[in-house]
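Coordinate inspection notes
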Amino acid sequence: MFRTKRSVLVRRLWRSRAPGGEEEEEAAAGEPGAAAAAEARAHVCGGGRGCCPGKAGRGGRASAGAEAELKALTHAVLKRLKERQLEGLLHAVESRGAARTPCLLLPAKADSRLGQYWYPLPVLLCKVFRWPDLRHCSEVKRLCCCESYGKAHPELVCCNPHHLSRLCELESPPPPYSRYPMDFLKPTDCPDSVPSSTETGGTNCLAPGGLSDSQVLQEPGDRSHWCVVAYWEEKTRVGRLYSVQEPSLDIFYDLPQGNGFCLGQLNSDNKSQLVQKVRSKIGYGIQLTKEVDGVWVYNRSSYPIFIKSATLDNPDSRTLLVHKVFPGFSIKAFDYEKAYSLQRPNDHEFMQQPWTGFTVQISFVKGWGQCYTRQFISSCPCWLEVIFNNR
């Protein structure tokens, strides 16, 4: 029996649906002592929920009846698509978002019923191909590369599941395992001077408050860039500072059709096997985007990332939190309005050096803080420092 090309595409898409596997533990990333840490987090947080609650909610495959209903509904939706749309959707799904794929524009009012719930088509396709536990459109955020980005009530809406990310909801109150005093941010063996060179690899320790040589790039009146990015391996910076002018930047180790800050092209003298292992796990990396309400970070890799930012915390708190962001999730890592409100213009120390509130630190795969073997981000194998232009 001969199959049409359309039927073959539909079958391949269904086979490429997202598994409903159990939650990926941090031990999968090779974190020493991760099992004990996960147990401690589960005790503290009532089940070990991180800042991305949808990740922890996954169970096994759905029951046979629910699976059959989902299959019938998915096939009904896919059979309405044109062959070219099916090919684009398949390319997006099989590349896991690594390839640049076109928008899949479908009628915005075309909802589909699954069980007792009605799902908008973008949510349904995200549920099928990315997040089986997804329930509502408020749980996802559209990426800036999408034609539907920023449109309130379009007649056609993009249903490409890799043009959306999952929203990372911060815990309230935050778990105590991720807290650590601000006074402990600086390693005790680090001098109190800020490096002043932008050349490759000249820095051997973390600067006060996590800053690197932003003073060199932020000359008075300089508005050409909105941030600079420094890549570090443990206490050594690798490569030059990367100045960012475009509103969106991909930072990756290996990304098909990637255009941005490629960490895989940087020459590193670090011979540590752990550093090399973590570098290879960065994969598709992250996407850094300046939007109207702040700066968002989208985790495109297959492993968690960890973020520390002053604007993610309670303004009255004397501690900073490290937030874990799972693959496929987005988090608003920096809020300009909140950052300006936290400034202390009459503070002599603030006037003498760049303020740490305009920096964000991001580590790949490995976390840091009280519940990890690494107390400081300068002990993480691979991490980024994003320094925002506050002029």
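Shown above is the structure to which this text applies.
Computed from a predicted structure; not experimentally measured.

1. Quick word on the overall build of the protein
Regarding its fold elements, the protein presents ten helices and 20 strands. Sorting the 391 residues of the protein into buried and exposed places 51% on the buried side. Put simply, 68% of the contacts in the protein that link residues at least 6 apart link residues at least 24 apart. Carbon together with sulfur atoms contributes 51% to the accessible area of the protein, which is approximately 19,000 Å² in total.

2. Remarks on a positive patch on the surface
Taken together, the side chains of R3, R11, R15 and K71 define a basic patch exposed on the protein surface. Take R15: it is sitting in helix α1 (residues 5-15). Judged by relative accessible area, R15 falls into the exposed class, the value being 59%.

3. Considerations on the packing of aromatic side chains
Inspection of every chain in the model, using the stated rule, returns nine aromatic pairs. Ring geometry for Y242 and F261: centres 4.7 Å apart, planes at 15°, overall stacked. Highlighted residues: Y242 in strand β10 (residues 242-244) and F261 in strand β12 (residues 260-262), separated in sequence by 19 residues. Stacked on the ring of W296, the Lys or Arg K141 has its end atom at 4.7 Å from the ring centre.

4. Thoughts on the side chain of R279
Checked against the element boundaries, R279 lands in helix α8 (residues 273-282). For R279, a relative accessible area of 5% corresponds to the buried category. If near-sequence neighbours (up to four positions away) are discounted, R279 is found in contact with Y231, E233, Y253, L263, G264, L266, S268 and C382.

5. Examining the pattern of salt bridges
Charged atoms that come close allow side chains of opposite charge to pair. Evaluated as defined, the whole model comprises ten salt bridges. A salt bridge links R166 to E139; the shortest N-O distance between them is 3.1 Å. Within this pair, whereas R166 is found in strand β6 (residues 164-167), its partner E139 is found in the loop between α6 (121-129) and β4 (140-142), the two being separated by 27 residues in sequence. Pair check on accessibility: R166 and E139 agree, each one buried. Of the charged contacts, one joins D250 and R300 as a salt bridge, the two residues approaching to 3.1 Å between their closest N and O atoms. Residue D250 is located in strand β11 (residues 248-252), and its partner R300 is located in the loop between β14 (294-299) and β15 (305-309); the two are separated by 50 residues in the primary sequence. Overall, the relative accessible area of 14% leaves D250 in the buried class.

6. Description of α8
Those residues of α8 lying buried are V275, V278, R279, K281 and I282. Angularly, the buried residues of α8 cover 165° about the axis, an arc narrow enough to put them on a single face. Residues of α8 that are buried sit in contact with β8 (227-233), β11 and β19 (359-364). For α8, the side-chain oxygen to backbone nitrogen distance between the N-cap and L274 is 3.3 Å, and the N-cap itself is S272.

7. Section: the pairing of strand β20 (residues 383-388)
Of all six residues that make up β20, six are buried, and the element is covered over most of its length. Of the two faces of β20, the one lined by W383, E385 and I387 and the one lined by L384, V386 and F388 are each fully buried. In the sheet, β8 pairs with β20 via six bridges, with the strands oriented antiparallel. The partner of Y231 across the bridge, within β20, is L384. One ladder, built from five bridges, connects β19 with β20; its direction is antiparallel. Bridge pairing links V360 to V386 in β20.

Each value, and the rule that gives it
Throughout, a residue's number is its position along its own chain's written sequence, starting from 1. Note on the predicted model: pLDDT of at least 70 is required for a residue's local features to be given, and 80 or more for side-chain atom pairs to be given and counted; whole-chain, interface and lining totals, by contrast, use all residues. As a convention, hydrogens and water are excluded, and side-chain values are obtained from all of the structure's heavy atoms. Counting from the N terminus, the helices are the DSSP runs of H or I reaching at least four residues and the strands are the DSSP runs of E reaching at least two. Per-residue accessibility, obtained with a 1.4 Å probe over protein chains only, is compared with the maximum for each type, and a residue is labelled buried under 20%, exposed over 50%, and partly exposed between these values. Contact between two residues is taken to exist if any of their heavy atoms lie within 4.5 Å; hydrogens are not considered. Each accessible area value is a Shrake-Rupley result obtained with a 1.4 Å probe; residue values ignore everything except the protein chains displayed when judging cover. Residues with no salt bridge and a relative accessible area higher than 30% make up the patches, which join like charges within 9 Å and nonpolar side chains (Val, Leu, Ile, Met, Phe, Trp, Tyr) within 5 Å. A side-chain nitrogen of Lys or Arg and a carboxyl oxygen of Asp or Glu constitute a salt bridge if their distance falls within 4 Å. Lys and Arg are tallied as positive, Asp and Glu as negative. Neither His nor the chain termini are counted. A charge is said to be at NZ when it belongs to Lys, at CZ for Arg, at CG for Asp and at CD for Glu. Only centres within 6.5 Å qualify two rings of Phe, Tyr or Trp (six-membered ring in Trp) as a pair; their planes then separate them into stacked at under 30 degrees, edge-to-face at over 60, and tilted for everything else. Whether a charge sits over a ring comes down to the Lys NZ or Arg CZ being within 6 Å of the ring centre and within 35 degrees of the ring normal. The directions from the helix axis to the C-beta atoms form the arc being described. Two N or O atoms form a polar contact when they lie within 3.5 Å of each other; inside protein one atom must be a possible hydrogen donor and the other a possible acceptor, and for residues adjacent in sequence the pair counts only when both atoms belong to side chains. DSSP-based pairing: two strands are paired if at least 2 bridges between them are found.

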